[in-house]
Amino acid sequence: MAASRLAFVLATTALLGAACGREGSKSQAPPAVILVSIDSLRPDHLGSYGYPKPTSPRIDAFRRESVLLRQVVASAPSTLASHASMFTSLPIQHHGASVAAQSALRPGIVTLAELLRRGGFETASFNGGGQLHRSFGLDRGFSVYQSATDSSDADIGEDTLSQQVERARPWLESVRSRPFFLFLHTYEVHHPYTPSPERLRAMEPSYSGTLPAAISIRLLEKINSGEHVLRPGDLEHIVAAYDAEIASADEGFGELLALLRRLGRYDSSIVVLTSDHGEAFGEHGEVGWHGDALYDEQVRVPLILKLPGARLAGRALETQVRLIDLAPSLLSLLGLPAPEQFSGVPVDFAGGAPEHPPWCVSGIDGQPNSAAVRTERWKWYEGRLYDLAHDPRETRDVAKANPEPQQALEARLLAIVGSREIAPLTPAAQDGDVRDQLKALGYVD
Ligand SMILES: [Zn+2]
């Protein structure tokens, strides 16, 4: 290890140990960040966010040791674009990673993993592949980058968080005495919904309709095109299948926490649970779908973050936070400077007055002219203004009655999107295998 890295790691270990409060004496382990992204996970389907069904007992227990952010917005409602924003702290309009354009992260853009590796952290990701395939550039900064679809033991979209934890286990054991950054991702909750019969029954004791237990992407396409008309009870059945998959991912999350505890790396680590986007269930027509609209059901995500020593345990933050604020927040917690590139700013988890601007810009991969800008109160999207405080389901355009916020939002959207000079796109080097994976996930025809 280079001398400067060693100095940083020692300083960070001391810093985090000092921050640990009651567990300070136990927190001599080196710093670590474990970032878990459960793809397509809506916050309002977790008990921690008020959901009445038992989808998430382990996540809810973890929440009690963590800070919960109630209003977190992704930059895009699709996997690659959103994760690229999460790792680079750039809106989708700037980072260049796109499935629609078949382009990778632009050269020269620095990622969270790169910054942590430079800071002396071991880095690894175990993920579901597909839109996270290394050809799109999100492997930048990871010494180990394994996608479920690199191996033949899982169908695309059918990997589980439990499997990802198992894949990560040998690596975690190998770095047990060193600083590390682990990024885990799973498509377990992503469509198709293929829950076990037991889990489905737990979410839906009775269903007398005609839909199958497993909800395929083809069926969802037929529903969303109008070819298959839902009958009473069918929508609830589809949601139950989605919820049952959350319950399974919750079990995998519990296995991860148990493993970290066994390795002595839980107490002193930062552990983050989030997602890349939500999932629509009929709010604006589509069912079991994401990727093509910027309504809240597609862009709101959970964010639950455990600090070293469970500092600020049980705290909840109500203010709007963007996923692009996550990378600067993690660097700030570790005492590392953020690069000039970052658009996001660190969150004050103690709940102080937010320094960061309240504007969240989101966009749709493949639709460069479609963008939304959101504050805690308002959203400007497709020429309509929504009053989120009085109309959280975004059903009424109130632009005419509120010209001032409309003009401010529109101006801010143009300013943010136009704030950087954009380099040309970089083609993603792909083989037929990746295209097949993306096809299986419903992303390309
Ligand atoms: Zn996704």
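Remember, it's a predicted structure, so these values are computed and weren't measured experimentally.

Calculation criteria
Residues numbered from 1 in each chain as written. Predicted model: local features only at pLDDT ≥ 70, side-chain atom pairs only at ≥ 80, totals over all residues. Heavy atoms only, no water. Pairing = 2+ DSSP bridges. Helix = DSSP H or I, 4+ residues; strand = E, 2+ residues; numbered from the N terminus. Axes fitted to C-alpha atoms, helices over the stretch in contact; angles between N-to-C directions. Contact = heavy atoms within 4.5 Å. Salt bridge = Lys/Arg side-chain N within 4 Å of Asp/Glu carboxyl O. Buried < 20%, exposed > 50% of the residue type's maximum accessible area, 1.4 Å probe, protein only. Parallel < 35°, antiparallel > 145°, perpendicular 65-115°, else oblique. Left-handed = near helix turned anticlockwise from the far one by under 90°. Nonpolar A, V, L, I, M, F, W, Y, C, P; charged D, E, K, R; others polar.

Undergrad: What is the right way to read the sheet that holds strand β15 (residues 384-387) from this model?
TA: Across a sheet, strands are paired by hydrogen bonds formed along the backbone, either parallel or antiparallel in direction. With antiparallel pairing, the four strands of this open sheet are ordered in space as β12-β13-β14-β15. What marks the edges here is a single partner per strand, and that holds for β12 (360-364) and β15. Each strand of the sheet is rotated relative to its neighbour by a mean of 20°, with strand direction disregarded. Alignment of β12 against strand β13 (residues 367-374), held across five bridges, turns out to be antiparallel. Within β13, the residue paired with Gly363 across the bridge is Ala371. Lying on the sheet, helix α12 (residues 403-417) is in contact with β12, β13, β14 (378-381) and β15; it crosses β14 at an angle near 65°.

Undergrad: For this particular structure, what's the right way to read the pattern of salt bridges?
TA: Across all of its chains, the model carries 18 salt bridges by this definition. With a shortest N-O distance of 2.5 Å, Glu166 and Arg169 are connected by a salt bridge. Taken as a pair, Glu166 and Arg169 lie in helix α6 (residues 161-174) at a separation of three residues, close to a single helical turn. On the accessibility criterion, Glu166 (42% relative accessible area) is partly exposed. One salt bridge in this structure joins Asp296 and Arg374, with 2.8 Å as the shortest N-O distance. On the criterion of sequence distance, the pair formed by Asp296 in helix α10 (residues 296-299) and Arg374 in strand β13 is long-range, its members being 78 residues apart. Within the structure, one salt-bridge network assembled from shared partners comprises Asp296, Arg300, Arg374, Lys379 and Glu394.

Undergrad: In this structure, what is going on with the packing of α6 against helix α9 (residues 234-262)? I would like to understand it.
TA: The packing of two helices is summarised by the inter-axis angle and the distance between the axes. Where α6 contacts α9, the axes come no closer than 8 Å and their chain directions differ by 15°. With respect to their mutual orientation, α6 and α9 come out roughly parallel. Relative to α9, α6 is oriented so that their crossing is right-handed. On α9, the residues touching Leu161, Ser162, Val165, Arg169 and Leu172 of α6 are Ala249, Gly252, Phe253, Glu255, Leu256, Leu259, Leu260 and Arg262. Residue composition of the contact of α6 with α9, by class: eight nonpolar, two polar and three charged.

As far as function goes, none of this settles anything; it's purely spatial.
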